[in-house]
Amino acid sequence: MAARAKRAKVEDGSELSPLQSFLQWCDGVGLELSSKVCVSKEGTVAEYGMLAKDDIEDGEVLFTIPRSALLHQGTTKVSTLLEKEQSTLQSSSGWVPLLLALLYEYTSSQSHWKAYLSLWTDFKTLDHPMFWSKEERGSLLKGTGVPEAVDRDLANIQREYTDVVLPFMTRHPDLWNPGTHTLDLYTQLVAFVMAYSFQEPQDEDDDEEDEDEEKPPNPPMMVPMADMLNHVSNHNANLEFTQDSLKMVCVRPIHKGQEVFNTYGQMANWQLLHMYGFTEPCSSNSNDTADIPVAKVYEAAARGAQSDLDRQLVEEQWGVLCQMTEEEAAFVFGKQGCLTDTELYTALKVLCMSKEELSEFKDNEGWEEDDEDDEKISLALSNEGLSELKASWKRLIYEAAHLTLRSYGDGEDEEKVMDVDRALMEDKAALAGLSCRQWKALQVRYGQKSILHGLMELTKS
C-alpha cells in the first residue's frame, strides 16, 4: 500500500490543517455550507463541533451534501468488487462491505475521501469501552450491562474478521494486505462506524407495499460534515434524506455562539457510552434508562415463596413465562416509568397467578381475551400508576429493583450502593478529580441507580 500523501500547502508554503483540508474538500465535492455556521474545535463539547455564527431560524438548512460525496459500499473505488462478491461478505452485523471499503480508502493515498478520513489520524479520540482494559470496564461499569455488551462486540468482531474479512482480503492481495489491514485497525474502524455512521430510514411507501415482509435495515454509511455535529437529547438540528442529497436542518431557533446539536436517537447513557464513547450528564439526559433482567423478577418471586408448594408454583410460572419471553431479556425503565410495559405486564400477571389461574391458563393455551388495552397497561406501569398496582405486583417490582441495584456493588445493600455514587456526584472537588473515563462511567452508573431507587420508592409497601 502507498504511504499517506503529504498535506496540501497554502500560498505562503505553510501546510493546511486537517480541518482546512477537509473544508477545501467539501467545496470541491459540492457540499454547501451555510454562512451562518462554522466547524470548530473551540467552544464545542467534544473534539469537533458546529457553531452558529449568526442567529438561525427553525427550518433553515445548515448544509447540504450530495449523495456522491457519501462514503459507503456503493461509492468506494472498490464498489464493483464488493457488489460482485457480496454473497461472501454476509455477517451478523451487516457492516463488512462498508468496513472493507473503509480499510481500503483509509490506507489509500489516492482516496477520494482522503481529506475527510485524515481528520482521524489514529482514532485515539475514540474512547469506546471496547478500548478500555477488561479490568477497567469491570470496575467502573459493573452492573450497567456495558461490560457484557462489549465482550459480545469484541467476540463478534474477531469472528467476523477471521471468518469473513481475512479470507476475502487474501483473495485480493492487490487491494488489501492483512499486514496493513489488521484486526486492530478493523476494530478501530468498527468503533468509527459505531460513532460516526448514519443509517437511512426505510422508505415508508415501500413499507406500506410490503407490510408482511420485514425488510432488513439499510446499511450504514459515512456522511462527511454530518458527523461533525455532537449529540444531545434536546437537539436543535436534524438530518433529512432526499433523493439527491442529505440536508442538516435547524429544528428550533439557535442563537449566535451556540453549538449546533444533532440527535443520534433516543439514547440512554449506557448506549451512548457503548456506541459512541461519551455520555451526557445523567441529570439532563431525558432518555436515560435502567434495565431489570427477567431473571431478577423470577428471583424476586422465588424469594417470596413461603412453602414448598409456593416454590413449586413459582417454578411452574417461570416455565410458562420462559415460553413467552427469552431468559436473557430485560424490562426497561425510563425516567417516567416502564418502557417495555406490555412485556412487564405479562410477566407480573404470570408470576402472580394462583395455582387455579395458572392451570386455566395452560388449558386455554394462553389468555382467551385480555380486557386490558395497551394504553391502560402503559398508564398502570408509568410512575403515576405504579403506586396503585396490586400489592403482589408492587412487591415483585420492588424486590427485582432491589436485587438489580445490589448487582452494582460487591454484596453491599442497595442504600450503600446508592450512597457511594450519590456522595461523589455531590462533591464538586471529587468530581473535578475524576478522569474522563471515571466521569463517564459515573454518569451511567448513577443515572441507572437513580431510576432503580426511584422505582423502589414508588413500589414500597
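For the structure, check the block above.
From a predicted model like this one, the values you see are computed outputs, not experimental measurements.

Q: What is the right way to look at the overall build of the protein in this model?
A: What the protein contains, in helices and strands, is 19 helices and 13 strands. Dimensions along the principal axes, computed over C-alpha positions, put the protein at roughly 85 × 55 × 45 Å. Every one of the 461 residues in the protein was classed for burial, and the buried ones make up 46%. Nonlocal contacts in the protein, meaning residues at least 24 apart in sequence, comprise 70% of its contacts between residues at least 6 apart. Accessible surface for the protein amounts to roughly 23600 Å². Of this, 47% is attributable to carbon and sulfur atoms. One way to put it: in the protein the 42 positive side-chain charges average out to a point 9 Å from where the 82 negative ones average out.

Q: Sorry if this is basic, but what is going on with the nonpolar core here?
A: Generally speaking, nonpolar side chains in soluble globular proteins are found buried as a group. Of all hydrophobic cores here, the largest spans 85 residues; its most connected members are Phe63, Leu100, Tyr116, Trp176 and Phe192. By residue number, the principal contributor to this core is helix H7 (residues 183-196), which donates 10 residues. Dropping the residues within four chain positions of it, Tyr116 is found in contact with Phe22, Trp25, Leu71, Phe192, Met222, Val223, Pro224 and Asp227. In terms of nonpolar packing, the next biggest core, distinct from the first, is built from 41 residues, Leu321, Met353, Leu381 and Trp393 among them.

Q: Whenever I open this one, the side chain of Ser233 confuses me. Can you help?
A: Position of Ser233 relative to the elements: it lies in the loop between strand S7 (230-231) and strand S8 (237-241). Classification of Ser233 by relative accessible area gives buried; the value is 15%. Residues in contact with Ser233, not counting those within four places in the same chain, are Glu280, Ser284, Asn285, Ser286 and Asn287.

Q: Explain the layout of surface pockets here, please?
A: Any empty space left between the atoms is revealed when a probe the size of a water molecule rolls over them. Taken as a whole, the largest pocket spans an internal volume of roughly 900 Å³. Considering the residues around the largest pocket, the lining is formed by 38 residues, among which Phe198, Gln199, Asn218, Pro219 and Pro220 are closest to the centre. Tallying contributions element by element places H7 first for the lining of the largest pocket, with four residues. Taken together, the residues of the lining of the largest pocket break down into 21 nonpolar, 15 polar and two charged.

Q: Looking at this model, I keep getting lost on the sheet that holds S8. Mind explaining?
A: Pairing between sheet strands relies on hydrogen bonds along the backbone, with the strands arranged either parallel or antiparallel. Spatial ordering of the open sheet is given by S1-S4-S9-S8, a layout of four strands whose pairing is antiparallel. Either end of the sheet is taken by a strand with one partner, and the two such strands are strand S1 (32-33) and S8. Of the strand pairs in this sheet, strand S4 (residues 61-66) and strand S9 (residues 245-250) are connected by five bridges, and their pairing is antiparallel. Bridge assignment links Phe63 to a residue of S9, and that residue is Met248.

Q: What is the right way to look at the packing of helix H16 (residues 391-406) against helix H19 (residues 436-459) in this model?
A: Packed helices, taken two at a time, are described by their axes: the angle between them and the distance between them. Close contact between H16 and H19 brings their axes to 9 Å; oriented N to C, the two are set at 150°. Comparing the axis directions of H16 and H19 gives the class roughly antiparallel. At the point where H16 passes H19, the crossing takes the left-handed sense. Contacts between H16 and H19 involve Lys394, Ile397, Tyr398, Ala401, His402, Thr404 and Leu405 on the former and, on the latter, Lys449, Leu452, Leu455, Met456, Leu458 and Thr459. Tallied by class, the residues present in the contact of H16 with H19 amount to eight nonpolar, three polar and two charged.

Q: For this particular structure, what's the right way to read the environment of Glu316?
A: Tracing the backbone through its elements, the reader meets Glu316 in helix H11 (residues 308-324). Separated by 34 residues in the primary sequence, Glu316 and Val350 have C-alpha atoms spaced 9.7 Å apart. Residues contacting Glu316, with those up to four places away along its chain left out, are Lys355, Leu358 and Lys362.

Analysis parameters
- Residues numbered from 1 in each chain as written.
- Predicted model: local features only at pLDDT ≥ 70, side-chain atom pairs only at ≥ 80, totals over all residues.
- Heavy atoms only, no water.
- Helix = DSSP H or I, 4+ residues; strand = E, 2+ residues; numbered from the N terminus.
- Buried < 20%, exposed > 50% of the residue type's maximum accessible area, 1.4 Å probe, protein only.
- Contact = heavy atoms within 4.5 Å.
- Areas by Shrake-Rupley, 256 points an atom, 1.4 Å probe, with all protein chains shown as cover.
- Lys, Arg positive; Asp, Glu negative; His and termini not counted.
- Charge placed at Lys NZ, Arg CZ, Asp CG, Glu CD.
- Core = buried A, V, L, I, M, F, W, Y, C linked by side-chain atoms within 4.5 Å.
- 1 Å grid on protein atoms, 1.4 Å probe; cavity = no way out; pocket = protein on both sides within 12 Å on 5 of 7 lines; lining within 4 Å.
- Points joined across faces, edges and corners; volume = space filled by probe spheres on them.
- Nonpolar A, V, L, I, M, F, W, Y, C, P; charged D, E, K, R; others polar.
- Pairing = 2+ DSSP bridges.
- Axes fitted to C-alpha atoms, helices over the stretch in contact; angles between N-to-C directions.
- Parallel < 35°, antiparallel > 145°, perpendicular 65-115°, else oblique.
- Left-handed = near helix turned anticlockwise from the far one by under 90°.

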